[in-house]
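# Residue-level structural notes
Next come the chains, spelled out residue by residue.
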Amino acid sequence: MKLLTGKTALITGVANDYSIAWAIARALHAQGAELAFTYQNERLKEKMGALVQQFKPKLLTELDVTKDEDIARVGRQVLDTYGRLDIFLHSLAFTPKEDLHGDFYKTSRQGFAVSNDISSYSLIALSNALLPAFEAAGGGSILYMTYIGGEYAISTYRLAGVSKAALEMSGKYLAQALGPKNIRVNGISAGPIKTLAARGIKNFSDLQKRAAEFMPLQGEITADDVAGTAVYLASDLSSAVTGEVIHVDKGFHCVRG
Ligand code: NAD
């Protein structure tokens, strides 16, 4: 018996086969989960659509989290298509480049709003829209992706880190609010992995090199490393775990040199 047989998962954040969400999708599917996918826009649809066809998703739909109507529609579509939802993966973020790389004290009001809207508020809004589908399943597991730049100031991460801090606290308040409905909410704090989003971060390979100097466990952190923890958090193995953030960073978070 596989760990996720009979469970349905909604996967956001697949842009291409480097996406962390893609590795997680494959791992959830390998454990028996049925998958539904969203894509951000038409431009991304072609590439990711071809990729996900191997899972024959009954639902593959557009979701731009800046649009309330998209969020509400996806909630309805999941319920109409599957009649339930057991797992929701939030694996998306965006911070405007000028506010990611400029002097932090010059962060613009607009950049702050956009970064927090897309990277943090979307977790709350989507959890709300998906609630009827989770309730139909009698509960479930919400997973989100975060980074240590939300706990400590990391010079290359800046405003994105502020949004991760807001995301992690949103995860904890959601865990409190949704616990009585048997819905768990947990984050995975991944070490640096080369993806499309990571390419937008200045000196990303320096960040990888610096982490590698201190990491207790050696070697590159991969999206598949993250996917293993996602399977655990999505499954009943973690039935008493909520409001948690698990670091999948080869131990980087626990050392100081
Ligand atoms: P990625 O570029 O493959 O994924 C980012 C996704 O965000 C893309 O699919 C993109 O379409 C989506 N997105 C951006 N704006 C959106 C919007 N308005 N509406 C809907 N979707 C939108 O990169 P990734 O590294 O796989 O990132 C996934 C998550 O993992 C992000 O939350 C990221 O911050 C987090 N993370 C990444 C790393 C890393 O080193 N790559 C480390 C820790 C955490």
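Report on the accompanying structure. Everything quoted here is computed from the prediction, not taken from an experiment. (Residues numbered from 1 in each chain as written. Predicted model: local features only at pLDDT ≥ 70, side-chain atom pairs only at ≥ 80, totals over all residues. Heavy atoms only, no water.)

### So, the pairing of strand S5 (residues 140-146)
For S5, the buried fraction is high: 7 of the 7 residues fall into the buried class. Along S5, one buried face is formed by Gly140, Ile142, Tyr144 and Thr146 and the opposite face, lined by Ser141, Leu143 and Met145, is buried too. Pairing of strand S4 (residues 87-90) with S5, which is carried by 4 bridges, proceeds in the parallel orientation. Bridged to His90 within S5 is Tyr144. With 7 bridges joining them, S5 and strand S6 (residues 183-190) adopt parallel strand pairing. Across the sheet, the residue bridging to Ile142 is Val185, located in S6. A crossover connection joins S5 to the parallel S6 through helix H7 (residues 159-178); in handedness this β-α-β unit is right-handed. (Buried < 20%, exposed > 50% of the residue type's maximum accessible area, 1.4 Å probe, protein only. Helix = DSSP H or I, 4+ residues; strand = E, 2+ residues; numbered from the N terminus. Pairing = 2+ DSSP bridges. Right-handed = clockwise from strand over helix to strand, strands pointing away.)

### As for the site of the ligand
Looking at the ligand, there are 29 residues lining it, with Ser19, Gln40, Lys164, Ile193 and Thr195 nearest. Backbone polar atom of Gly13 to an oxygen atom of the ligand: 3.0 Å apart, as the coordinates give it. One nitrogen or oxygen atom from the main chain of Leu92 is found 3.3 Å from an oxygen atom belonging to the ligand. If the ligand stood free it would expose 820 Å²; the protein chains cover 93% of that surface. (Near = heavy atom within 4 Å. Polar contact = N/O pair within 3.5 Å; in protein donor to acceptor, adjacent residues only side chain to side chain. Areas by Shrake-Rupley, 256 points an atom, 1.4 Å probe, with all protein chains shown as cover.)

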